Amino acid sequence: ARGGGGGGRVRYAGHEQIWQHLHRHALADVFLDNMEYNGGTTGLDALWADVPIVSAPMEKFSARYGASFNAGAGLQMLTARGWEDYARLASALANRPRELGLIRGSLHSSKASSPLFDTRRFAASFGRLLSLLWDISHSQGGVLRTLRFHTSIAGAGDAPPPAAWA
């Protein structure tokens, strides 16, 4: 309410059946991610319902999901750089419904091409990874001793998969 969003606009919801849980996401304007323990699957559900996430990555793994999701959805501008930036972003979205509508519309229209929701690409890449691991394991006598791979949330989906995956 201090940011101008209006205290009556915040709603807390209890446990529901999965279909009710997914349906009520569409009723929200924005998903305010917890900074210590990000939303995980709940955040993905929100994005699927065209509800943008305001998040701020912290040190712990559990506090970095939202930033990864935003990168995959092309919404890096909603990833804050700390508490003050988080509050500024949340307040701006609460007080600028036109801009929020544009972001939601962009999220909706880009969903089909977003790497975040491209399950076929993920499944194909994961299958190639498993085949590669199988080949490496058997070339070393059937025992996979070391596995190293690189991941990055920066530019998610823009970089091609490693050459071994192609």
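Residues numbered from 1 in each chain as written. Predicted model: local features only at pLDDT ≥ 70, side-chain atom pairs only at ≥ 80, totals over all residues. Heavy atoms only, no water.

Student: Can you tell me about helix 4 (residues 83–95), naming the residues and giving the values?
Tutor: The end-to-end C-alpha separation of helix 4 is 18 Å, in line with the 18 Å expected for 13 residues at 1.5 Å each. The set of residues buried in helix 4 consists of D85, Y86, L89, A90, A92 and L93. One side of helix 4 carries all its buried residues, which in axial view fall inside an arc of 160°. Exposed side chains of helix 4 directed beyond 90 degrees from the buried face belong to W83 and E84. Of the surrounding elements, those touching the buried residues of helix 4 are strand 1 (31–32), strand 2 (53–54) and helix 5 (97–110). (Helix = DSSP H or I, 4+ residues; strand = E, 2+ residues; numbered from the N terminus. Expected span 1.5 Å × (residues − 1). Buried < 20%, exposed > 50% of the residue type's maximum accessible area, 1.4 Å probe, protein only. Arc of directions from axis to C-beta. Contact = heavy atoms within 4.5 Å.)

Student: Kindly report on the side chain of D50, identifying the contributing residues and their values.
Tutor: On the secondary structure map, D50 appears in the loop between helix 2 (41–48) and strand 2. Residue classification places D50 among the buried residues on the basis of a relative accessible area of 14%. Separated by 2.8 Å, the side chains of D50 and H108 make a polar contact. D50 has contacts with R104, L107, H108 and K111, leaving out every residue within four places of it along the chain. (Polar contact = N/O pair within 3.5 Å; in protein donor to acceptor, adjacent residues only side chain to side chain.)

Student: Describe the nonpolar core, and please don't skip the residues or the numbers.
Tutor: Membership of the largest hydrophobic core comes to 21 residues, with the highest contact counts inside it found for L47, L75, L78, Y86 and L93. Within the residue set of this core, elements represented by two or more residues are helix 2, strand 2, helix 4 and helix 5. Residues contacting Y86, with those up to four places away along its chain left out, are L32, D33, M35, V54, S55, A56 and A80. (Core = buried A, V, L, I, M, F, W, Y, C linked by side-chain atoms within 4.5 Å.)

Student: Provide a residue-level description of helix 3 (residues 65–72), including the pertinent values.
Tutor: What sets the pattern is the α-helix's 3.6 residues per turn: residues three or four places apart point alike. Among the 8 residues that make up helix 3, 6 are buried, leaving the element largely enclosed by the rest of the structure. All of the buried residues in helix 3 are G66, A67, F69, N70, A71 and G72. As for helix 3, its buried residues are in contact with helix 2 and strand 2. Backbone geometry just after helix 3 places G74 at a positive phi near 75°.

Worth remembering: the numbers are spatial, not functional.
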